[in-house]
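# Overview (structure and organization)
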Amino acid sequence: MEARHKNILIMALIAIVLIMAVGYAAFTTTLTINGTAEISTKWDIHIKSITPSATATATTQGGETVYTSAGSIKHTIKDNYTAEFEAVLLSPSEYVTYTVVVENSGTINAKVAPNGITFSDATMGTTNPTDAILFTYEGIAPGDQLNANGGTDTFTVTATYNPAITSQPSAAQLEKSVTMTLNYIQTA
Amino acid sequence: MKKNFIIYSLLIGYVLLDTFVFSSLNLPYYNEIINPALWIMMCGISIYLSQDSSLRVKGEKDKTQSLLIVLIIYIIIYFLLGLIFGFERTPYSKEIFGILKNLWSFIGILFFQEFIREALIKNEKKKKINYILIVIVFTLLNMNFYNFANHFADLQTSFTYTSSVIIPTILESAILTYLVYIGGVKFSIIYRAFVAIPPFIVPIIPDLDWFGLALVGVVLPLAVYVYMNYVHVNRTERLSKRERRKYNPAVYVPVFAFIALLAGFVIGLFKYQPIAVMSGSMSPTFNRGDAVVIKKLDTQDKNELEVGDIIQFVSGTKYVIHRIVDVTNDDYGNKLFITKGDHNNTIDIDKVHLENVKGKVTFVVPFIGYPSVWLSGAIS
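Residues numbered from 1 in each chain as written. Chains lettered and ligands numbered in written order. Predicted model: local features only at pLDDT ≥ 70, side-chain atom pairs only at ≥ 80, totals over all residues. Heavy atoms only, no water.

This part is about the overall build of chain B. Scanning chain B from terminus to terminus reveals 13 helices and 9 strands. The C-alpha radius of gyration of chain B comes to 27 Å, more than 25% above the 21 Å expected for a compact globule of 380 residues. Here chain B holds 380 residues, and the buried ones make up 44% of them. Intrachain contacts of chain B at a sequence separation of at least 6 include 67% that bridge at least 24 residues. Of the roughly 20000 Å² of accessible surface on chain B, a fraction of 63% belongs to carbon and sulfur atoms. Here chain B contributes 36 positive and 29 negative side-chain charges, whose respective centroids are spaced 15 Å apart. (Helix = DSSP H or I, 4+ residues; strand = E, 2+ residues; numbered from the N terminus. Rg over C-alpha atoms; globule rule 2.2 N^0.38 Å. Buried < 20%, exposed > 50% of the residue type's maximum accessible area, 1.4 Å probe, protein only. Contact = heavy atoms within 4.5 Å. Areas by Shrake-Rupley, 256 points an atom, 1.4 Å probe, with all protein chains shown as cover. Lys, Arg positive; Asp, Glu negative; His and termini not counted. Charge placed at Lys NZ, Arg CZ, Asp CG, Glu CD.)

Following this line, the structure appears as structure tokens:
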């Protein structure tokens, strides 16, 4: 291909890129945005561990810890920023506390984004919730720093029996799960 | 060799210091001042040690244009992938000062690395071992060794990390070395700029899973090598038309198209997707190690399913492929399927709701699912 033709091709390709950029800017609200980018060698923030503790008696079944006499609890780390917590609480005195540790293994300092930590449970933070099981969290807030090269942040997610419930809930109401999503950005 | 020995020693020393000393100290302004200063020093020493050597480049303008064409096409395809896979936000600072700081702290380092790479090549142009060492050393330079062992905690994590990070890093180091060999530092800087800068200046990038990252990380260096090798050979070798045809990248278009189609087919981009059969519950219709091709169903297709159809559905956290043996309704009038494996004695415990049906088996390919079965067995 002649040099002149190559230059024309380069210009045409740059024009396509510019048109795409305009399109992205125009349609950002309708594009599917799945969350924050995960691992690269520089940016590596992830949920390192989740440790539950509960008022129930713990036994081991098939290698997994199961809490009996207060139902069962389960947690799953779905990806670097997302975890699911599940609790079955049978009486008002029971609760489960999950201790979550987030680690920054990358080389860039980070902080919790303004929309920080989100849960799939719509009743969280509302007044007079009616669900039998309530989830709350403590120890993390927007702006909390997470330093690079091994910095960690620890917070708790707790499932409790709603003290406002006075009648016996159904079996389905005594079981609840929530999905937590973290959002970190670079510290300026 | 002595000059390169000094440069290699500096680089290896930097890798060790960065991994075992600097990362644990968490020094303030390490990314902004200390690290760039170290690289400027190493770059200056390398340039000084290579000042008596030179790199002859033929057809520089033609090669530059060709490289720009390939990389702009890569940018277009890369961001179009976001329309298929969705996008994800980049976590880097969006403020002007933050962007400039990141460009200095992270992109600037890459450019210093390329000057050092060029110095190493200039000093020992003819020795193959030199090129191998360059690829290895620069691969090590661009890996993050903090918590490195965690990426190999189990076979699955090892496999995905090796595929999506290690192999692309090695191939990137190789293509950069090749680009410097045929065109000098300018070419490798252009390549790195196109690949490394976008996440720092754009707010969203395609949300590729580990397989997508691995594919891009392998195909891009390959495509750049094929095309640039063709341009380089045209400019430097006296070949006949027939011999030149061997290097023509058009020869590879069917190969790349096949790779793209196969990847899309495997990851489920199209209406039909292959799935490896992991258990023998549907024997003898199909057996463990066979592959079934699933046709994805919309709501209308799902309502037309009948007894005898073999469907793929979600059961708890797993996908199951069993035959419909009965159709019924729940208390609200919603369709429910009762399923059973052909080899099982009893029907499945849970009935299948319409929304949990993913697809229908259309045909079976014997035996080709065995690699996935073996890998899955090794992982679990």
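Between chain B and chain A, the contact holds 40 residues from the first and 40 residues from the second. Regarding the contact of chain B and chain A, the summed buried area is about 3400 Å², with carbon and sulfur atoms giving 60% of it. At the boundary of chain B with chain A, the tally comes to 0 salt bridges. In this assembly, chain B and chain A are joined by 5 residue pairs in polar contact (both at pLDDT 80 or more). For the side of chain B that touches chain A, the secondary-structure elements that each account for two or more residues are α3 (60–85), β1 (87–89), α4 (96–123), β2 (204–206) and α9 (210–236) of chain B. In terms of residue count, the dominant contributor to the side of chain B that touches chain A is α3 of chain B (13 residues). Class assignment for the residues of the side of chain B that touches chain A results in 22 nonpolar, 12 polar and 6 charged. (Buried area = accessible area lost by both parts, 1.4 Å probe. Salt bridge = Lys/Arg side-chain N within 4 Å of Asp/Glu carboxyl O. Polar contact = N/O pair within 3.5 Å; in protein donor to acceptor, adjacent residues only side chain to side chain. Nonpolar A, V, L, I, M, F, W, Y, C, P; charged D, E, K, R; others polar.)

Enumeration according to the criterion identifies 12 salt bridges over all chains in this entry. Residue Lys78 of chain A pairs with Glu84 of chain A through a salt bridge whose shortest N-O separation is 3.7 Å. Taking relative accessible area as the criterion, Glu84 of chain A reaches 21% and is therefore assigned partly exposed. Its salt-bridge partner being Glu32 of chain B, residue Lys101 of chain B comes within 3.6 Å of it at the nearest N-O pair. Of the two residues, Lys101 of chain B sits in helix α4 while Glu32 of chain B sits in helix α2 (residues 30–49), which places them 69 residues apart along the sequence. Among the ionic contacts, a cluster of salt bridges with common partners joins Glu114, Arg117, Glu172 and Arg192 of chain B.

On to the sheet that holds strand β12 (residues 175–186) of chain A. Residues and elements named next belong to chain A. Strand order in this open sheet of 5 strands is β5-β6-β12-β8-β10, and the pairing throughout is antiparallel. The open sheet terminates on both sides in strands that have one partner only, identified here as β5 (73–77) and β10 (145–146). With 6 bridges connecting them, strand β8 (residues 110–119) and β12 associate as antiparallel partners. Residue pairing across strands places Lys111 opposite Ile185, the latter belonging to β12. (Pairing = 2+ DSSP bridges.)

Time to look at the packing of α3 of chain B against α9 of chain B. Residues and elements named next belong to chain B. One can describe the packing of α3 onto α9 by two numbers: an axis separation of 10 Å at closest approach and a directional angle of 160°. As summarised for this structure, α3 and α9 are arranged roughly antiparallel, according to the angle between their axes. Between α3 and α9 the crossing geometry is right-handed. Where α3 abuts α9, its residues Asp62, Lys63, Ser66, Leu67, Val70, Leu71, Tyr74 and Leu81 lie against Val216, Leu220, Val224, Tyr227, Met228, Val231, His232 and Arg235. Per-class residue counts for the contact of α3 with α9 are 11 nonpolar, 2 polar and 3 charged. (Axes fitted to C-alpha atoms, helices over the stretch in contact; angles between N-to-C directions. Parallel < 35°, antiparallel > 145°, perpendicular 65-115°, else oblique. Left-handed = near helix turned anticlockwise from the far one by under 90°.)

Among the nonpolar cores identified, the biggest contains 40 residues, and Phe85, Phe135, Met180, Leu182 and Tyr184 of chain A are the most heavily contacted of them. Secondary-structure elements contributing two or more residues to this core are β2 (45–54), β6 (82–88), β7 (95–104), β8, β9 (133–138), β11 (151–161) and β12 of chain A together with α4 of chain B. Counting residues in each nonpolar core, the second largest holds 29 residues, with Ile69, Ile72, Leu208 and Tyr227 of chain B among its members. (Core = buried A, V, L, I, M, F, W, Y, C linked by side-chain atoms within 4.5 Å.)

Residue and element names in this part refer to chain B. Taken in spatial order, the 7 strands make up an open sheet running β3-β4-β9-β5-β6-β7-β8, and their pairing is antiparallel. Two strands lie at the open edges of the sheet, namely β3 (272–276) and β8 (352–353), each paired on one side alone. As defined by bridge partners, strand β4 (residues 291–296) adjoins strand β9 (residues 357–365) across 6 bridges and the pair is classed as antiparallel. Looking at β9, one finds that Ala291 is bridged to Val365. Sitting on the sheet, helix α11 (residues 253–267) is in contact with β3 and β4, with an inclination near 70° to β3.

Residues and elements named next belong to chain B. Taking 1.5 Å of rise per residue, the 12 residues of helix α7 (residues 185–196) would be expected to cover 16 Å, and the 16 Å separating its terminal C-alpha atoms lies within 8% of that figure. For α7, the tally of buried residues reaches 9 of 12 residues, placing the bulk of the element in the interior. All buried positions along α7 are accounted for by Val185, Phe187, Ser188, Ile189, Ile190, Tyr191, Arg192, Ala193 and Ala196. Looking at the buried positions of α7, the neighbouring elements they touch are α3, α4, α6 (155–183), α8 (198–201) and α9. (Expected span 1.5 Å × (residues − 1).)

Okay, the environment of Glu118 of chain B next. Residue and element names in this part refer to chain B. Here Glu118 is to be found in helix α4. For the pair Glu118 and Asp298, spaced 180 residues apart in sequence, the C-alpha to C-alpha distance is 56 Å. Apart from residues lying up to four places away in sequence, Glu118 is in contact with Leu55, Val180, Gly184 and Val185.

Enumeration according to the criterion identifies 19 aromatic pairs over all chains in this entry. Between Phe148 of chain B and Tyr161 of chain B, the ring centres sit 6.0 Å apart and the planes meet at 75°, which makes this aromatic pair edge-to-face. In this pair, Phe148 of chain B sits in the loop between α5 (128–141) and α6 while Tyr161 of chain B sits in helix α6, placing the two residues 13 residues apart along the sequence. Judged by relative accessible area, which is 23%, Phe148 of chain B ranks as partly exposed. Overall, Tyr161 of chain B belongs to the buried group, its relative accessible area being 7%. Among the aromatic residues, those joined into a ring-pair cluster are Trp43 of chain A together with Tyr92, Phe106 and Phe200 of chain B. Over the face of the ring belonging to Phe138 of chain B we find Arg117 of chain B, whose NZ or CZ atom lies 4.2 Å from the ring centre. (Phe/Tyr/Trp six-rings, centres within 6.5 Å; stacked < 30°, edge-to-face > 60°. Lys NZ or Arg CZ within 6 Å of the ring centre and 35° of its normal.)

With that out of the way, let us pick up the domain arrangement of chain B. Many structure descriptions define interface size as the accessible area lost when the parts assemble. Residues and elements named next belong to chain B. Its domain assignment divides chain B into domain 1 (2–267) and domain 2 (272–379). Here the C-alpha centroids of domain 1 and domain 2 sit 43 Å apart. Listed per partner, the contact involves 6 residues of domain 1 and 7 residues of domain 2. Of the roughly 570 Å² buried between domain 1 and domain 2, counting both surfaces, carbon and sulfur atoms make up 77%. In terms of surface lost to domain 2, no three residues of domain 1 exceed Leu155, Gln156 and Phe265, which account for 69% of the buried area on that side. The tally of links from domain 1 across to domain 2 stands at 0 salt bridges. At the boundary of domain 1 with domain 2, the tally comes to 0 residue pairs in polar contact (both at pLDDT 80 or more). Contributions of two or more residues to the side of domain 1 that touches domain 2 are made by α6 and α11. Classifying every residue of the side of domain 1 that touches domain 2 by side-chain character gives 5 nonpolar, 1 polar and no charged. (Domains from an automatic or database assignment.)

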